[in-house]
Amino acid sequence: MASIIDIKEECALNVRDFEFTYKGASAPSLKKVTMPIAKNSVTALIGPSGCGKTTLLRSFNRMHDLYPGNTYNGEIEFEGRNILGAKEDLIHLRTKIGMIFQKPTAFPMSIFDNVAYGMRLQGIKNKTELNDRVEKALQDAALWKEVKDRLKNDANGLSGGQQQRLCIARAIAVEPEVLLFDEPTSALDPISTQGIEKLVIELKERVSIIIVTHNMQQAARVSDYTGFMYLGELIELGHTEELFVTPKEKLTQEYITGKFG
Amino acid sequence: MTATQKRIIINRLALAFSTLSAVIALAFLFWILAVLVMKGVDALNWNIFIYEGSPPGYEDSGLKHALIGQLILVGLATLIGVPLGIMAGTYLSEYGKSSNLAHVIRDISDIMMSAPSIVIGAFVYAIVVMPMGHFSAWAGAIALAIIMIPIILRTTDDMLQLVPGTLREAAFALGAPKYKVILDVVYRGAKAGILTGVLLGIARVAGETAPLLFTSFNDNFFTTDLNEAMPSLTVTMFNYAISPYDDWQQLGWAAAFILSMFILGLNILGRLILLAGKRK
Ligand SMILES: Nc1ncnc2c1ncn2[C@@H]1O[C@H](COP(=O)(O)OP(=O)(O)OP(=O)(O)O)[C@@H](O)[C@H]1O
Ligand SMILES: [Mg+2]
């Protein structure tokens with residue numbers, strides 16, 4: 001039996017009896033996942049490789065819809081509606097729930113255009129507004145000082161860590177409610193990793209964050225809640241300190257003490 | 001002799017033989033180029049660009065008609081072939097992917113790439129020249145475009161597929177609709193490769209003679225009327241080269257030289273763009 005903490009505060013997302021099956025797969029990759037995601041806090045997802053962390057994360061912005069034939073079941077509640085509905089406006093949903101990938105995904109355009117991309121998609125053309133919001137986003141992503149003199153340069157000239165912060169700036173520039181991070185530091189050096197972790201903690205004042213990580217220290221450092229997944233199930237969701245110090249489930253205990261995974 | 005010694009000897013023989021073959025092949029290539037440059041440069045003069053063709057023996061005869069005709073034919077073929085090729089390549093990479101239809105299109109396009117170009121000329125003769133009742137620049141350009149399309153289609157398809165999937169996902173994750181993802185992100189990422197494909201496609205058709213023989217035909221007169229037969233460098237070269245007149249043969253060399261330099265230039269440019277794109 002899973003042990004899921006009851007979250008008293010407001011929730012950004014509510015996953016209920018959620019099942020996900022990839023096209024052609026014989027069994028679902030996520031089984032009856034029920035998981036509240038607290039607002040303005042960081043929720044970490046941990047678990048061994050292949051347990052379904054990425055699959056769950058990519059369900060929140062319906063990324064799976066890019067590849068036809070997958071099936072969702074159950075419910076993911078966001079802003080009072082089930083976002084798994086057939087009528088859900090995915091373009092709107094994705095402006096509300098942003099995503100940062102494992103490898104930096106700077107577009108082949110200038111630094112400025114990268115950050116402005118999402119805003120331009122929303123039809124913002126006003127030069128001053130774009131300039132202001134690009135600067136603000138870059139400042140919030142702790143990148144402004146490094147790039148303010150070369151906003152017109154190609155974004156691919158930045159280092160990996162800078163590119164990842166650029167992607168964060170690009171995502172927060174459209175002021176989303178939720179940000180999804182899938183192992184955002186696994187391709188980065190320790191210093192850049194620290195920078196991203198600091199950012200994640202700062203950003204939770206404005207957005208709710210879900211972060212997938214293989215690094216348990218990272219989960220402990222940045223998150224308020226941690227979910228442990230195993231073989232497509234959410235085994236335990238709890239306050240991060242409690243989950244790491246006094247796990248309620250035997251599987252969680254075995255995983256965090258390194259007995260498997 | 002030990003097995004090792006034997007292997008070393010065979011190795012050396014193979015190396016010597018393949019080096020020799022390469023030298024012979026290159027020697028012919030440079031021989032051709034050398035003759036072309038010598039005869040071509042010799043035959044070059046300003047009159048070539050000023051005067052149209054005239055009967056053999058006239059002082060003021062040139063290649064203006066063929067140069068302009070060539071540019072019009074290749075330009076028109078580019079206008080038709082490039083958009084169609086790029087759109088078809090985009091369909092394959094971004095929409096068709098590995099569907100059956102996409103596979104069939106890729107296979108047919110590969111077959112078309114190796115089809116003898118005179119067959120394409122015959123095809124256009126049947127579907128354009130015959131119904132119209134006369135040769136025309138349109139017919140020539142359509143024949144060239146048909147040869148160009150599979151080249152551009154395949155390079156576009158390949159180059160778009162090289163753009164990482166996560167880049168597309170990142171754009172979708174910001175709420176971009178599919179056409180925006182393709183236009184803003186995928187095309188930009190594949191820009192250099194697509195441009196190279198276009199240049200190589202143009203270079204390929206610029207040297208074609210056979211598909212023009214019975215589509216745009218060849219006149220010795222200057223024209224810009226797309227509904228008329230139109231001269232081209234290649235067919236003019238062919239006609240002049242097989243003529244018994246010395247001055248025509250001279251013009252033929254000049255035409256060969258200009259055409260080769262044009263095609264060489266396009267090829268080098270295409271490769272430079274690809275290199276510059278890769279280095280980034
Ligand atoms: N595109 C796909 N098609 C079919 N099955 C998939 C696909 N992607 C993932 N799976 C399967 O779904 C399960 C969960 O995969 P997922 O990528 O979510 O794991 P993960 O927890 O993110 O692992 P990792 O830590 O290695 O990133 C795995 O069994 C995997 O084989
Ligand atoms: Mg994963």
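Computed from a predicted structure; not experimentally measured.

Reading the values: the criteria
- Residues numbered from 1 in each chain as written.
- Chains lettered and ligands numbered in written order.
- Predicted model: local features only at pLDDT ≥ 70, side-chain atom pairs only at ≥ 80, totals over all residues.
- Heavy atoms only, no water.
- Helix = DSSP H or I, 4+ residues; strand = E, 2+ residues; numbered from the N terminus.
- Rg over C-alpha atoms; globule rule 2.2 N^0.38 Å.
- Buried < 20%, exposed > 50% of the residue type's maximum accessible area, 1.4 Å probe, protein only.
- Contact = heavy atoms within 4.5 Å.
- Areas by Shrake-Rupley, 256 points an atom, 1.4 Å probe, with all protein chains shown as cover.
- Lys, Arg positive; Asp, Glu negative; His and termini not counted.
- Charge placed at Lys NZ, Arg CZ, Asp CG, Glu CD.
- Domains from an automatic or database assignment.
- Buried area = accessible area lost by both parts, 1.4 Å probe.
- Salt bridge = Lys/Arg side-chain N within 4 Å of Asp/Glu carboxyl O.
- Pairing = 2+ DSSP bridges.
- Axes fitted to C-alpha atoms, helices over the stretch in contact; angles between N-to-C directions.
- 1 Å grid on protein atoms, 1.4 Å probe; cavity = no way out; pocket = protein on both sides within 12 Å on 5 of 7 lines; lining within 4 Å.
- Points joined across faces, edges and corners; volume = space filled by probe spheres on them.
- Nonpolar A, V, L, I, M, F, W, Y, C, P; charged D, E, K, R; others polar.
- Near = heavy atom within 4 Å.
- Polar contact = N/O pair within 3.5 Å; in protein donor to acceptor, adjacent residues only side chain to side chain.
- pLDDT = per-residue confidence, 0-100.

(A) Summary view of the overall build of chain A. For chain A, the helix and strand inventory stands at 10 helices and 11 strands. In summary, chain A has a C-alpha radius of gyration of 18 Å against a globular reference of 18 Å for 261 residues, a match within 12%. Referenced to the eigenvectors of the C-alpha coordinate spread, the extents of chain A come out at roughly 55 × 40 × 35 Å. Considering chain A as a whole, with its 261 residues, one finds that 54% of them fall into the buried category. Considering only intrachain contacts with a sequence separation of at least 6, the fraction spanning at least 24 residues in chain A is 67%. Accessible area of chain A: about 11,800 Å², with a carbon and sulfur share of 49%. Treating the 32 positive side-chain charges of chain A as one cloud and the 34 negative ones as another, the clouds have centres 4 Å apart.

(B) Spotlight on unusual backbone geometry. All names here are of chain A. In this structure, Asp-17 is a non-glycine residue whose phi angle is positive, near 45°. We classify Asp-17 as partly exposed; its relative accessible area is 43%. Even without being a glycine, Glu-79 presents a positive backbone phi close to 50°. Judged by its relative accessible area of 44%, Glu-79 is partly exposed.

(C) A look at the domain arrangement of chain B. All names here are of chain B. Its domain assignment divides chain B into domain 1 (3–43) and domain 2 (49–279). The C-alpha centroid of domain 2 is placed 32 Å from the C-alpha centroid of domain 1. Facing 7 residues of domain 1, the contacting portion of domain 2 comprises 7 residues. Between domain 1 and domain 2 the total buried area reaches about 640 Å² when both faces are included, carbon and sulfur atoms providing 84% of it. A per-residue breakdown of the area domain 1 buries against domain 2 is headed by Leu-36, Lys-39 and Ala-43, which together make up 63% of the total. For the interface between domain 1 and domain 2, the tally reads 0 salt bridges.

(D) Local environment of the sheet that holds strand β7 (residues 97–100) of chain A. Residue and element names in this part refer to chain A. Across the sheet, 7 strands lie side by side as β1-β11-β10-β4-β9-β8-β7; this open sheet has mixed pairing. Each end of this open sheet is capped by a strand with a single partner; those strands are β1 (3–4) and β7. With 4 bridges connecting them, β7 and strand β8 (residues 178–182) associate as parallel partners. Considered in β8, the bridge of Met-99 is made with Leu-180. Contacts from helix α6 (residues 160–172) reach β7 and β8, with the element oriented near 175° to β7.

(E) The layout of surface pockets, seen in detail. The volume enclosed by the second largest pocket comes to roughly 320 Å³. Lining the second largest pocket are 15 residues, with Tyr-67 of chain A together with Glu-94, Lys-97, Arg-168 and Lys-178 of chain B positioned closest to its centre. Contributing elements (two or more residues each) for the lining of the second largest pocket: α3 (64–96), α7 (165–173) and α8 (178–206) of chain B. Classifying every residue of the lining of the second largest pocket gives 6 nonpolar, 3 polar and 6 charged.

(F) A look at the site of ligand 1. All names here are of chain A. Inspection of the region around ligand 1 gives Tyr-22, Ser-29, Ser-49, Gly-50, Cys-51, Gly-52, Lys-53, Thr-54, Thr-55, Glu-183 and His-214 as its neighbouring residues. Within the side chain of Thr-54, one N or O atom sits 2.6 Å away from an oxygen atom of ligand 1. Within the side chain of Glu-183, one N or O atom sits 3.5 Å away from an oxygen atom of ligand 1. Residue composition of the shell around ligand 1, grouped by class: 2 nonpolar, 7 polar and 2 charged.

(G) Region of the structure containing the pattern of salt bridges. Summed over all chains, the structure comprises 21 salt bridges over all chains. A salt bridge links Asp-140 of chain A to Arg-206 of chain A; the nearest nitrogen and oxygen atoms lie 2.9 Å apart. Taken together, the residues Asp-140 of chain A in helix α4 (residues 127–140) and Arg-206 of chain A in the loop between α7 (190–203) and β9 (208–212) connect sequence positions 66 residues apart. With a relative accessible area of 42%, Arg-206 of chain A lands in the partly exposed category. Across the pair Asp-110 of chain B and Arg-154 of chain B runs a salt bridge, and its minimum N-O distance is 3.0 Å. Here Arg-154 of chain B lies in helix α6 (residues 137–162) and Asp-110 of chain B lies in helix α4 (residues 100–113), a separation of 44 residues in the sequence. Residue class for Asp-110 of chain B comes out partly exposed when judged on its relative accessible area of 34%. Via salt bridges that share partners, Arg-16, Glu-75 and Glu-77 of chain A belong to a single interconnected network.

(H) Examining the confidence of the model for chain B more closely. On average, residues of chain B carry a pLDDT of 93, and 99% of them reach 70 or more. Predicted as a complex, the structure gets a pTM of 0.87 and an ipTM equal to 0.93.

(I) Region of the structure containing the environment of Leu-183 of chain B. Relative to the helices and strands, Leu-183 of chain B is located in helix α8. As for Leu-183 of chain B and Phe-217 of chain B, which are separated by 34 residues in sequence, their C-alpha atoms are 39 Å apart.

(J) Looking closely at the interface of chain A and chain B. The interface of chain A with chain B comprises 22 residues on the first partner and 18 residues on the second. When the two sides are added together, the surface that chain A and chain B hide from each other amounts to roughly 1,700 Å², 69% of it contributed by carbon and sulfur. When residues of chain A are sorted by the area they lose upon contact with chain B, Pro-108, Tyr-117 and Leu-121 of chain A head the list and together hold 28% of the total. Counting across the interface, chain A meets chain B through 1 salt bridge. Arg-58 of chain A is paired through a salt bridge with Glu-169 of chain B; the nearest N and O atoms lie 2.8 Å apart. For the side of chain A that touches chain B, the elements supplying multiple residues, two or more each, are α2 (90–96), β7, α3 (111–121) and α6 of chain A.

(K) Representation of the sheet that holds strand β6 (residues 81–82) of chain A in the model. All names here are of chain A. Read across the sheet, 4 strands follow the order β3-β2-β5-β6 without closing on themselves; strand pairing throughout is antiparallel. Unpaired on one side and paired on the other, β3 (30–38) and β6 mark the two borders of the sheet. In terms of strand pairing, strand β2 (residues 11–21) meets β3 through 6 bridges, oriented antiparallel. Bridge pairing in β3 links Leu-13 to Ile-37. Against the sheet, helix α1 (residues 53–60) makes contact with β2, β3 and β5 (71–78), and its axis sits at roughly 120° relative to β2, the strand it touches most.

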